[in-house]
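Reading the structure
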Amino acid sequence: MSLSRPQAAEPSDVGPRECSRLMGRAAEAGASDLHIQPKGDGSAEVSFRLDGVLRPVEVLSPEAAPLVCGRIKFLAKLKTWEHSLPQDGRIDQADIDLNQELRVSTFPTVSGEKVVVRFFTEQKIFRLGRLGLATDLLGVLQRFLNSRRGLLLLTGPSGSGKTTTIYSCLGYLVETDTRHIITIEDPAEQVIDGVMQTEVNEARGLTYPKAIRHLLRQDPETIVIGEIRDDETAEIAVRAALTGHQVIATLHAGSCQGVVDRLKVMVPDRFALAAVLDLIVNQRLVRRLCPSCSGQGCEACAQVGYRGRVPVAECLRLTDADCQSLRVSDSPVSSASPTFSEAIDRLVDEGVTDVREAARIRS
Ligand SMILES: [Zn+2]
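Residues numbered from 1 in each chain as written. Predicted model: local features only at pLDDT ≥ 70, side-chain atom pairs only at ≥ 80, totals over all residues. Heavy atoms only, no water.

A few words now on the sheet that holds strand β5 (residues 101-109). The sheet built from 6 strands is open, its strands ordered β3-β2-β1-β6-β5-β4 with antiparallel pairing. Two strands bound the open sheet, and with one partner strand each, they are β3 (53-60) and β4 (87-91). Direction aside, the axes of adjacent strands within the sheet are offset by 20 degrees on average. As defined by bridge partners, β5 adjoins strand β6 (residues 112-120) across 9 bridges and the pair is classed as antiparallel. (Pairing = 2+ DSSP bridges. Helix = DSSP H or I, 4+ residues; strand = E, 2+ residues; numbered from the N terminus. Axes fitted to C-alpha atoms, helices over the stretch in contact; angles between N-to-C directions.)

What follows is the structure, given as structure tokens:
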């Protein structure tokens, strides 16, 4: 006996119509992901991830929900009748009226099939001047990059935009200079023209320290280390900077002072450390008030009131006195200027964001 399978395409036009409306709405709002989460009663909650925050936007009726999910699965060339196994697929730009590539993932849950659609934006162009950095921090970074020497460390939790800041620094260098730039990343998040990007491969023994040692023989002028995770990498980074390379890296710590404290433990040669350590930036991303409605909530921001994010950062430039104290004592270095709190206050004063978002970032 053969079971008849439902048709791949829904005969009703509710699925296609609702699906294209939802996709359009998500794309319009600038969502990075669209979630359809089934509820126990057959309806499904639709959420958008906007500027890193997942937010419910509407509920699909028990009639519409399966039609919309079926339509998405059909477009992604998944088995529309399969509801009990996870599936992954892609929707081509040509199949939807959007200028974006979509990746679809389904997963069975106890209340039904969950569907997540990820929106891929076109290749980003990294421009330091367009990041939205405070003017003085932008100037500090440009002076550092132009100096062709020294060690720049970025810190901040994952998702705080460190990689974008680094890529934007590289974008600036590629545009203004002809120097040889090498990165070692885990993994490379995007390809940047004019930069030699490489990846660690721990499984094959190509660790950060090993890769950097080899890459230094490739005659780099600026070298980017995706993350300093261990003492050996920290020492090689300092050594590379000491031998005339400009080094840019990330390091996990809660603050600029925290980076200094960690480095003091990781790198026993305080003289070497003091000779190269120039600049530390601790950053987060702050949601920007929606320019269309100034935070009131409108169609452009899916009623959230925010649209887009800007970096906010505390910045520590080491002075001669700091280097002296690094070499010979354990007294703390100067405070960051601006401090994290000052930088956030400034964004609130300038009307870039509001106190509610400032409180979220501070917490
Ligand atoms: Zn708005």
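Once you've had a look at it, read on.
One recurring pattern in soluble globular proteins is that nonpolar side chains are buried together. Of all hydrophobic cores here, the largest spans 40 residues; its most connected members are Leu-153, Ile-225, Ile-228 and Leu-277. Other than its neighbours up to four places away in sequence, Leu-277 contacts Leu-151, Leu-153, Leu-263, Leu-318 and Leu-326. Listed in part, the 33 residues of the second largest apolar core include Ala-26, Leu-34, Ile-36 and Leu-60. (Core = buried A, V, L, I, M, F, W, Y, C linked by side-chain atoms within 4.5 Å. Buried < 20%, exposed > 50% of the residue type's maximum accessible area, 1.4 Å probe, protein only. Contact = heavy atoms within 4.5 Å.)

This brings us to the sheet that holds strand β11 (residues 246-250). Sheet architecture is open: 7 strands sit in the order β9-β8-β10-β11-β7-β12-β13, paired in mixed fashion. Two strands lie at the open edges of the sheet, namely β9 (196-199) and β13 (306-317), each paired on one side alone. If you compare each strand with its neighbour and ignore which way they point, the axes differ by 20 degrees on average. When strand β12 (residues 277-289) meets β13, the two strands line up antiparallel, connected through 10 bridges. Paired with Arg-287 across the two strands is Arg-309, which belongs to β13. Across the sheet, helix α10 (residues 340-349) touches β12 and β13, and the angle it forms with β13 is around 145 degrees.

Turning our eyes to something else, we now look at the coordination of the zinc ion. Summarising the metal site, the zinc ion is bound by the protein donors Cys-290 (SG), Cys-293 (SG), Cys-298 (SG) and Cys-301 (SG), whose distances to it range over 2.2 to 2.3 Å. The coordination sphere of the zinc ion comprises 4 donor atoms, whose angles at the metal cover 105 to 111 degrees; the geometry is tetrahedral. Mapped onto the sequence, the donors of the zinc ion take the spacing C-x2-C-x4-C-x2-C. Take Cys-293: its relative accessible area is 11%, and that puts it in the buried class. (Donors = N, O, S within 2.8 Å, 3.2 Å for Na, K, Ca; no water. Tetrahedral: all angles 85-135°; square planar, octahedral: opposite > 155°, others 65-115°.)

Applying the stated criterion across every chain, the model contains 25 salt bridges. In this structure, Arg-118 engages Asp-33 in a salt bridge whose closest nitrogen and oxygen atoms are separated by 2.8 Å. In this pair, Arg-118 sits in strand β6 while Asp-33 sits in strand β1 (residues 33-38), placing the two residues 85 residues apart along the sequence. Between Asp-269 and Arg-239 there is a salt bridge whose closest N-O contact spans 3.7 Å. One end of the pair, Asp-269, is in the loop between α7 (256-266) and α8 (270-276); the other, Arg-239, is in helix α6 (residues 231-242), and 30 residues separate them in sequence. One continuous salt-bridge network, built from bridges that share partners, spans Glu-18, Arg-21, Arg-25, Glu-58 and Glu-299. (Salt bridge = Lys/Arg side-chain N within 4 Å of Asp/Glu carboxyl O.)

On inspection of all chains with the given rule, the structure shows 0 disulfides. Left unpaired, Cys-19 is separated from the closest cysteine sulfur, that of Cys-69, by 9.1 Å. (Disulfide = S-S within 2.5 Å.)

Time to look at the side chain of Gln-246. Position of Gln-246 relative to the elements: it lies in strand β11. Residue contacts for Gln-246: discarding those within four places in its chain leaves Phe-144, Leu-145, Ser-147, Arg-148, Arg-149, Gly-150, Leu-173, Arg-179, Glu-221, Thr-222 and Ile-223.

Next up on the list: the packing of helix α3 (residues 135-147) against helix α4 (residues 162-176). Where α3 contacts α4, the two axes come as close as 11 Å, and the packing angle between them is 55 degrees. On the basis of the axis angle, α3 is oblique to α4. Crossing hand, α3 versus α4: right-handed. Here Leu-141, Gln-142, Leu-145 and Asn-146 of α3 lie close against α4, whose contacting residues are Thr-165, Cys-169, Tyr-172 and Leu-173. Residue composition of the contact of α3 with α4, grouped by class: 5 nonpolar, 3 polar and no charged. (Parallel < 35°, antiparallel > 145°, perpendicular 65-115°, else oblique. Left-handed = near helix turned anticlockwise from the far one by under 90°. Nonpolar A, V, L, I, M, F, W, Y, C, P; charged D, E, K, R; others polar.)

With an omega of -10 degrees, the peptide bond between Asp-186 and Pro-187 qualifies as cis. The residue Pro-187 is located in the loop between β8 (181-185) and β9 in this model. Ser-337 connects to Pro-338 through a cis peptide bond whose omega is 0 degrees. With respect to the helices and strands, Pro-338 occurs in the loop between α9 (320-328) and α10. If you check the backbone angles, Asp-51 has positive phi at about 50 degrees while not being a glycine. Inspection of the secondary structure assignment puts Asp-51 in the loop between β2 (44-50) and β3. Located in the positive-phi region is Asp-219, a residue other than glycine, with phi close to 60 degrees. Turning to its location among the elements, Asp-219 is positioned in the loop between α5 (208-215) and β10 (222-225). The exposure class assigned to Asp-219 is exposed, which follows from its relative accessible area of 56%.

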